[in-house]
Amino acid sequence: MPLVFAGVTSHAPGITGRADQADPELKHGFRDALGHMREALEASKSDVLVVVAAEHFANFFFNNMPAYSMGMADFYDGPIEDENWLGIQRVRIPGNADLSDRMIRSIMNYTDLGYAQEWKFDHGIMVPLHFLTPDFKLPVIPVNINCQCPPLTPLHRTYEFGRALRKACDSVPERVAIVGTGGISHWPATPDSGKVNVQWDNDFLERWKNNDREALLSYSDEETYRDAGQGGFEIRTFIAISGATEGVTGDVWYYEPIPIYAVGCTVGVVNGFDE
Amino acid sequence: MSLYYLQKLFYELNRNETLQVEFRANQEQVLDAFELTGEEREAVLLGNIGLLYVLGVNGQLLMHYAAFCGLAWPDYIQAMRDGITKYGQVRAGLYAMTDGKGAI
Ligand SMILES: [Fe+2]
């Protein structure tokens, strides 16, 4: 089936772990937008949700760090973090190993990636799922792009990965939805936590909305680190979605910096998948 | 400097509840399995979050150890800032390029 839904959103652990410490208006505004995203995802009647995430040393470490990896299990557990710290109860989430296998084989025609038959979801996946599939019943296939520590995959490879992911989605009979989750500019878990470069974020989101490939791929990691912090490396997750929806514009349904959540909270949806 | 092994300790500790129990019971013994310098070992034993930050531990690992040591979020942020004041710039890892002073 052709891809049925594509979007992007934030995943900072403060969104659930420090939920009530934010300005209530911002908290509810963001959650309302996530609610609308959930409704759009549900309306797509997807059989599976592929979450393109940037995990944080939960499964992948410096001993063996893949640039790209995809889950290939029939279930996943999360959150790996302390439940009270994250504000999300531990739960088993269904996967679909057979579908993963078929999608991975398809992607491997175009780009290399690792696969994982065990994967403990961290906040990078659990926070979006908490809002988008709150009963945790929709099968999920996780994808990880290393955005934590250089050397990082170049942005143009990330766009290509997105293209390959799209071919895989379109090649299987299942109805597949994809959500990218990360950044944008932020300095999480450092003394700069709470800092957000709003101007940089707005400029990035403009490029993302227009699916302006050249503009999206023009950042160097040095520039991103300087202007958008180490958390800015996670733009790869958004760019993968752009690659998967090449030539199609998107809309940003919500963007507001919420400092106690340590990120500019974002909900974006790619147009044209709701017919 | 053996930042790889120092970070590996936190990686293992964050994802392994059995190791967390062992660590609470006998920290010295758990640390023997990791090739740490004396300074790194002492920073872990004392729960010196500020020094661990300066030694280069990634915040995505360190924030969980801070919570494990009982630090609330603002105390974790403050501990890193105090570490910069006391021990100077971050010495290794991803944050070695920042001014490290914090923006807010
Ligand atoms: Fe992240």
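Residues numbered from 1 in each chain as written. Chains lettered and ligands numbered in written order. Predicted model: local features only at pLDDT ≥ 70, side-chain atom pairs only at ≥ 80, totals over all residues. Heavy atoms only, no water.

1. Remarks on the pattern of salt bridges
All names here are of chain A.
Next up, step 1: A full pass over the atoms with the stated rule returns 18 salt bridges over all chains.
Next up, step 2: Here Arg92 ties to Asp77 by a salt bridge, and the two come within 2.9 Å at their closest N and O atoms. Here the residue Arg92 occupies a position in strand 5 (residues 91-94), and Asp77 occupies one in strand 4 (residues 75-78), the gap between them amounting to 15 residues.
Next up, step 3: Look at the salt bridges and you will find they share partners, linking Glu160, Arg163, Arg213 and Glu246 into a network. (Salt bridge = Lys/Arg side-chain N within 4 Å of Asp/Glu carboxyl O. Helix = DSSP H or I, 4+ residues; strand = E, 2+ residues; numbered from the N terminus.)

2. A closer look at the nonpolar core
Next up, step 1: Of all hydrophobic cores here, the largest spans 134 residues; its most connected members are Met103, Ile178 and Phe204 of chain A together with Leu52 and Tyr76 of chain B.
Next up, step 2: It is helix 6 (residues 155-171) of chain A that contributes the most residues to this core, 7 residues altogether.
Next up, step 3: When near neighbours in sequence (up to four residues on either side) are disregarded, Leu52 of chain B contacts Leu6, Phe10, Glu40, Ala43, Val44, Val57, Leu62 and Tyr65 of chain B. (Core = buried A, V, L, I, M, F, W, Y, C linked by side-chain atoms within 4.5 Å. Buried < 20%, exposed > 50% of the residue type's maximum accessible area, 1.4 Å probe, protein only. Contact = heavy atoms within 4.5 Å.)

3. Considering the environment of Val172 of chain A
All names here are of chain A.
Next up, step 1: Within the secondary structure, Val172 is located in the loop between helix 6 and strand 8 (176-181).
Next up, step 2: With 30 residues separating them along the chain, Val172 and Pro142 place their C-alpha atoms 17 Å apart.
Next up, step 3: Excluding residues that lie within four positions of it along the chain, Val172 makes contacts with Met1, Leu99, Arg102 and Met103.

4. A word on the pairing of strand 3 (residues 68-71) of chain A
All names here are of chain A.
Next up, step 1: Residues Tyr68 and Met70 point to one face of strand 3 and Ser69 and Gly71 to the other, with burial holding for every one of them.
Next up, step 2: Sheet analysis places strand 3 next to strand 7 (residues 140-145), joined by 3 bridges and oriented antiparallel. When the bridges of strand 7 are listed, Tyr68 appears paired with Ile145.
Next up, step 3: In the sheet, strand 3 pairs with strand 6 (residues 114-116) via 3 bridges, with the strands oriented parallel. Looking across to strand 6, one finds that Gly71 is bridged to Ala116. (Pairing = 2+ DSSP bridges.)

5. Description of the coordination of the iron ion
Next up, step 1: Looking at the iron ion, the protein donor atoms are His11 of chain A (NE2), His56 of chain A (NE2) and Glu234 of chain A (OE), and they sit 2.0 to 2.1 Å from it.
Next up, step 2: The exposure class assigned to Glu234 of chain A is buried, which follows from its relative accessible area of 3%. (Donors = N, O, S within 2.8 Å, 3.2 Å for Na, K, Ca; no water.)

6. A closer look at the packing of helix 1 (residues 3-15) of chain B against helix 6 (residues 59-68) of chain B
Residue and element names in this part refer to chain B.
Next up, step 1: Orientation of helix 1 relative to helix 6, taken along the N-to-C sense of each, is 60°, at an axis distance of 9 Å. As judged from the angle between their axes, helix 1 and helix 6 are oblique. Classified by chirality, the crossing of helix 6 by helix 1 is left-handed. Contact residues: helix 1 offers Gln7, Phe10, Tyr11, Leu13 and Asn14, while helix 6 offers Leu61, His64 and Tyr65.
Next up, step 2: Split by residue class, the contact of helix 1 with helix 6 holds 5 nonpolar, 3 polar and no charged. (Axes fitted to C-alpha atoms, helices over the stretch in contact; angles between N-to-C directions. Parallel < 35°, antiparallel > 145°, perpendicular 65-115°, else oblique. Left-handed = near helix turned anticlockwise from the far one by under 90°. Nonpolar A, V, L, I, M, F, W, Y, C, P; charged D, E, K, R; others polar.)

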